[in-house]
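# Architecture and fold: a report
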Amino acid sequence: MNDIQSAGKLLEELREAYRRLPQHIKEHVACLLRDSILKKQPGKCAS
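Residues numbered from 1 in each chain as written. Predicted model: local features only at pLDDT ≥ 70, side-chain atom pairs only at ≥ 80, totals over all residues. Heavy atoms only, no water.

Here we take up the side chain of Lys 26. Along the polypeptide, Lys 26 turns up in helix 2 (residues 23-38). Buried charge without a partner: Lys 26 forms no salt bridge, and the closest opposite charge is Glu 27, 9.3 Å away. Within the local environment of Lys 26, its side chain forms a polar contact with the backbone oxygen of Arg 19, the two atoms lying 3.3 Å apart. Excluding residues within four positions of it along the chain, Lys 26 makes contact with Tyr 18, Arg 19 and Leu 21. (Helix = DSSP H or I, 4+ residues; strand = E, 2+ residues; numbered from the N terminus. Buried < 20%, exposed > 50% of the residue type's maximum accessible area, 1.4 Å probe, protein only. Lys, Arg positive; Asp, Glu negative; His and termini not counted. Salt bridge = Lys/Arg side-chain N within 4 Å of Asp/Glu carboxyl O. Polar contact = N/O pair within 3.5 Å; in protein donor to acceptor, adjacent residues only side chain to side chain. Contact = heavy atoms within 4.5 Å.)

Structure (structure tokens):
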């Protein structure tokens, strides 16, 4: 159970850190995640 609580706390910290990022960085992160999920070659998104 402690692992689940630790993972939840880490996830919340990551969410908060993401919220603080500038918009252009958020867009780049979203692009990288989308590329990773779709198994495309990275670098295909507009920056």
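From this point, things continue past the structure.
Once that is clear, we can look at helix 2. Relative to the 22 Å expected for 16 residues at 1.5 Å per residue, helix 2 spans 22 Å between its end C-alpha atoms, a close match to the ideal helical length. Taken together, the buried positions of helix 2 are Lys 26, Cys 31 and Asp 35. Its buried side turned inward, helix 2 meets helix 1 (2-20). Lys 39 sits one or two residues past helix 2 and shows a positive phi near 60°. (Expected span 1.5 Å × (residues − 1).)

Further remarks concern the pattern of salt bridges. All chains considered together, the criterion is met by five salt bridges. A salt bridge links Glu 13 to Lys 9, with the shortest nitrogen-to-oxygen separation between them at 3.5 Å. Of this pair, Glu 13 and Lys 9 both sit in helix 1, four residues apart, which is roughly one turn of that helix. With a relative accessible area of 43%, Glu 13 lands in the partly exposed category.

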